[in-house]
Amino acid sequence: MVGFYGCPLRCKYCLNPHSFAPDTKTEELTPTELYERLKCDDLYFVATGGGVSFGGGEPLLNIDFLEEFKGIVGDRWRILAETSLSVEKEAVKRAVKVFDEFVVDIKDTDPEIYLSYTGKRVDRALNNLKMLLSLVGSDKVLVRLPLIPHYNTEESRQKSEALLREMGVTRFDRFEYIVRA
Ligand code: SF4
C-alpha cells in the first residue's frame, strides 16, 4: 500500500488522520523513485497477478503522479485505488486508465449523515460513482458500506445499499466500525 498525503474529507473516525495532519512527516518521491523502491517485487507481482494499492488520504488528488507511475509499470502490475471519489470529475475520468480496480469508500449515501460524518456533501462522490460505473463496469468497483456508530444505522445502510444497487453497484464490503472510548 502506498499512502498519499492529503484528503478532502474529515471523517470523524478517520483511521489515518496523519494523512492530513499538518505535522505529519512526509516523503516526496517521483513516480520513478517509487518504482525503484517497489521493483524488487516485480517478479512476484507478475507471477501472481499482484501489484500496488494506492490509498491515503485520497490518491485521486495526485492523478498526474499516478498516470506517470502507470506509464512506468504498464499492465505488468495490478493497480488498485482506495478512494472516496470526493474529487474533481476530471480526476476520476483519468483514473479509469490507471487503475484495474476501485475500492470506493462511500460511507453512507444519506446527505445529512455523509455531511455530518465527513464534513462534505455526498453529491460529488455519488455523481462520480455513477460515471465510474458507466466507464469501467460494476465488476471493477467494490463499494464499502460501513455501519458507523453514532452516525448511521442498519436502516440507513440498507437504504444506501438499495440506492447503490439501483445505480448499478453489485459488489459491496459491509462491515462495522469498532469505536473505542
Ligand atoms: S476519506 Fe479516508 S483518509 Fe480521508 S478523512 Fe475519511 S477516513 Fe480519513
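Before reading further, recall that the structure is shown in the block above.
Remember, it's a predicted structure, so these values are computed and weren't measured experimentally.

Rules and cut-offs
- Residues numbered from 1 in each chain as written.
- Predicted model: local features only at pLDDT ≥ 70, side-chain atom pairs only at ≥ 80, totals over all residues.
- Pairing = 2+ DSSP bridges.
- Helix = DSSP H or I, 4+ residues; strand = E, 2+ residues; numbered from the N terminus.
- Contact = placed C-beta atoms within 7 Å.
- Axes fitted to C-alpha atoms, helices over the stretch in contact; angles between N-to-C directions.
- Buried ≥ 20, exposed ≤ 12 C-beta atoms within 10 Å, placed from the backbone.
- Core = buried A, V, L, I, M, F, W, Y, C linked by C-beta atoms within 7 Å.
- Near = placed C-beta within 6 Å.
- Nonpolar A, V, L, I, M, F, W, Y, C, P; charged D, E, K, R; others polar.
- Expected span 1.5 Å × (residues − 1).
- Parallel < 35°, antiparallel > 145°, perpendicular 65-115°, else oblique.
- Left-handed = near helix turned anticlockwise from the far one by under 90°.

Draft legend 1. Looking closely at the sheet that holds strand β5 (residues 141-147). The strand order across the open sheet built from six strands is β1-β2-β3-β4-β5-β6, with neighbouring strands paired in parallel fashion. Either end of the sheet is taken by a strand with one partner, and the two such strands are β1 (2-3) and β6 (172-176). Relative to strand β3 (residues 78-83), strand β2 (residues 51-55) is paired through four bridges, and the arrangement is parallel. Pairing of Ser-53 across the sheet is with Leu-80, part of β3. Across the face of the sheet, helix α7 (residues 154-167) comes into contact with β5 and β6 while running at roughly 165° to β5.

Draft legend 2. How the structure looks around the environment of Gly-55. Tracing the chain through its elements places Gly-55 in strand β2. Classification of Gly-55 by C-beta neighbours within 10 Å gives partly exposed; the count is 19. Separated by 51 residues in the primary sequence, Gly-55 and Phe-4 have C-alpha atoms spaced 6.2 Å apart. Setting aside residues up to four positions removed in sequence, Gly-55 forms contacts with Met-1, Gly-3 and Glu-82.

Draft legend 3. Summary view of the nonpolar core. Ranked by size, the top nonpolar core spans 32 residues in total, and within it Leu-85, Val-104, Leu-129, Leu-132, Val-141 and Val-143 carry the most contacts. Only α3 (63-73), β3, α4 (89-95), β4 (101-105), α5 (111-118), α6 (123-136) and β5 provide two or more residues apiece to this core. Considering every element that reaches this core, the biggest residue donor is α6, with four residues. Setting aside residues up to four positions removed in sequence, Val-143 forms contacts with Val-104, Ile-106, Leu-164, Val-169, Arg-171 and Phe-172.

Draft legend 4. View of the site of the ligand. If you check the shell around the ligand, you find Cys-7, Leu-9, Arg-10, Cys-11, Cys-14, Leu-15, Asn-16, Ser-19, Gly-56, Gly-57, Ser-84 and Asp-105 and nothing else. A class-by-class count of the residues in the shell around the ligand yields five nonpolar, five polar and two charged.

Draft legend 5. A look at the environment of Arg-180. Mapping Arg-180 onto the fold places it in the segment after β6. Arg-180 gets classed as exposed once you count the C-beta atoms within 10 Å, which come to 3. C-alpha of Arg-180 to C-alpha of Arg-157: the two residues are 23 residues apart in sequence and 21 Å apart in space.

Draft legend 6. Region of interest: α7. Counted at 1.5 Å a residue, the expected span for α7 with its 14 residues is 20 Å, and the 20 Å between its end C-alpha atoms agrees. Lining the buried residues of α7 we find β5. Positive backbone phi, approximately 115°, marks Gly-168, located one or two places after α7.

Draft legend 7. Region of the structure containing the packing of helix α1 (residues 31-38) against α3. For the pair α1 and α3, the least separation of the axes is 9 Å and the interaxial angle reads 50°. With respect to each other, α1 and α3 are oriented oblique. Between α1 and α3 lies a crossing whose hand is right-handed. Contact residues: α1 offers Pro-31, Thr-32, Leu-34 and Tyr-35, while α3 offers Phe-65, Glu-68, Phe-69, Ile-72 and Val-73.

Nothing here speaks to function; it is geometry throughout.
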